[in-house]
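Observations on the three-dimensional arrangement
The lines below spell out each chain.
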Amino acid sequence: MNPKVDVFLSDVSKWKQEIEQLRRILLDCQLEEEFKWKQPCYTFKGSNVVLIGNFKDYCVLSFFKGVLLEDTANLLVAPGENSQSTRMIKFKDLDEILVNEAVLKTYIFQAIEIEKAGLKVENKGNQGLEFAQELLSKFEEYPDFKAAFESLTPGRQRGYCLFFNAAKQSSTRVARIEKYFQQILDGKGINDCTCGLSKKYPLCDGSHKNIR
């Protein structure tokens, strides 16, 4: 059990019982508990397998390679229309988790077997997309950063790649990648404000003024 997840749970006001139950199930499956992207994350030999997420109307188990799972119980949904890899299971009360515990463990063990087999998800949105060597080096250095980048929508990935590649000098490309490193980890696109008001305030400077 990761103490950072204990801290996270102490601050959760909604879905606390549900998240605690999901945590117990995941730990029963012998996954390692970490804390990434401000959420409990469960890994197998260093590979990300599943996240626990909490939203206003539900909490979720979010499988990184969920598209490769056999959805025998018809539980998996895509988080967005452009999601190519991630699939999630939504819960709106504790009973849904308790009733489906055996099925959930089946899905989790499937996901572990996918990691054991080294299976990959083909990202069709990246076809023809050019990655700067500096970005590839950063992926190699920080696997979590690579996973966060690949979790972005194809449009967000393309926006970053175009911006990084537009720099003529390697040092400038490195500086640009460093500047947006945390924003990518937070799952935001290059035009997303860190305050979450991206649609109204692109690249907000924190005072809700467009800095472009």
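Structure report, in brief.

Procedures and definitions
Residues numbered from 1 in each chain as written. Predicted model: local features only at pLDDT ≥ 70, side-chain atom pairs only at ≥ 80, totals over all residues. Heavy atoms only, no water. Helix = DSSP H or I, 4+ residues; strand = E, 2+ residues; numbered from the N terminus. Buried < 20%, exposed > 50% of the residue type's maximum accessible area, 1.4 Å probe, protein only. Polar contact = N/O pair within 3.5 Å; in protein donor to acceptor, adjacent residues only side chain to side chain. Contact = heavy atoms within 4.5 Å. Salt bridge = Lys/Arg side-chain N within 4 Å of Asp/Glu carboxyl O. Axes fitted to C-alpha atoms, helices over the stretch in contact; angles between N-to-C directions. Parallel < 35°, antiparallel > 145°, perpendicular 65-115°, else oblique. Left-handed = near helix turned anticlockwise from the far one by under 90°. Phe/Tyr/Trp six-rings, centres within 6.5 Å; stacked < 30°, edge-to-face > 60°. Lys NZ or Arg CZ within 6 Å of the ring centre and 35° of its normal.

**A word on the side chain of Glu33**
By secondary structure assignment, the location of Glu33 is in strand E1 (residues 32–36). Look at Glu33 and you get buried, because its relative accessible area is 7%. Within the structure, the side chain of Glu33 is placed 2.6 Å from the backbone nitrogen of Asn2, a separation counted as a polar contact. Side-chain polar atoms of Glu33 contact the side chain of Arg23, separated by 2.7 Å. Discounting residues that sit within four places of it in the chain, Glu33 has contacts with Met1, Asn2, Val5, Arg23, Leu27, Cys41 and Tyr42.

**Quick look at the pattern of salt bridges**
As enumerated under the stated definition, the model contains 14 salt bridges in all. A salt bridge links Asp144 to Lys36; the nearest nitrogen and oxygen atoms lie 2.8 Å apart. With Asp144 in helix H6 (residues 143–151) and Lys36 in strand E1, this residue pair connects regions lying 108 residues apart in the sequence. According to the relative accessible area criterion, Lys36 is buried, its value standing at 9%. Measuring nitrogen to oxygen at the nearest pair gives 3.3 Å for the salt bridge that ties Lys116 to Glu113.

**Concerning the packing of helix H2 (residues 16–28) against helix H4 (residues 101–116)**
Relative orientation of the contacting elements H2 and H4 amounts to 50°, with a least axis distance of 10 Å. With respect to H4, the element H2 is oriented oblique. When the axes of H2 and H4 are compared, the crossing they make is right-handed. For the pair H2 and H4, the contacting residues are Gln21, Leu22, Arg24, Ile25, Leu26 and Asp28 in the first and Glu101, Leu104, Lys105 and Ile108 in the second.

**Examining the packing of aromatic side chains**
Within a pair of aromatic rings, the relevant descriptors are the distance that separates the centres and the angle that separates the planes. What the rule picks out here adds up to 14 aromatic pairs. Taking the centre distance of 6.1 Å and the plane angle of 65° together, the rings of Phe131 and Phe149 count as edge-to-face. With a gap of 18 residues between them, Phe131 in the loop between H4 and helix H5 (133–141) and Phe149 in helix H6 connect regions that are remote in the sequence. Consider the rings of Tyr160 and Tyr180, whose centres lie 5.8 Å apart with planes at 65°: the pair is edge-to-face. Placement of the pair is Tyr160 in helix H7 (residues 154–165) and Tyr180 in the loop between helix H8 (170–179) and helix H9 (181–185), with a sequence separation of 20 residues. Of the two residues, Tyr160 and Tyr180, both sit in the buried class. The rings of Phe131, Phe139, Tyr142, Phe145, Phe149, Tyr160, Phe163, Phe164, Tyr180 and Phe181 are connected pair by pair, giving a single aromatic cluster. The ring of Phe163 has Arg176 sitting right over it, with the charged end atom 4.2 Å from the ring centre.

**A closer look at unusual backbone geometry**
The backbone of Trp15 shows a phi angle near 70°, a positive value even though the residue is not glycine. Along the chain, Trp15 falls in the loop between helix H1 (3–11) and H2. Positioned with a positive phi, Lys38 is a non-glycine residue whose angle comes to about 65°. If you trace the backbone, Lys38 turns up in the loop between E1 and strand E2 (39–44).

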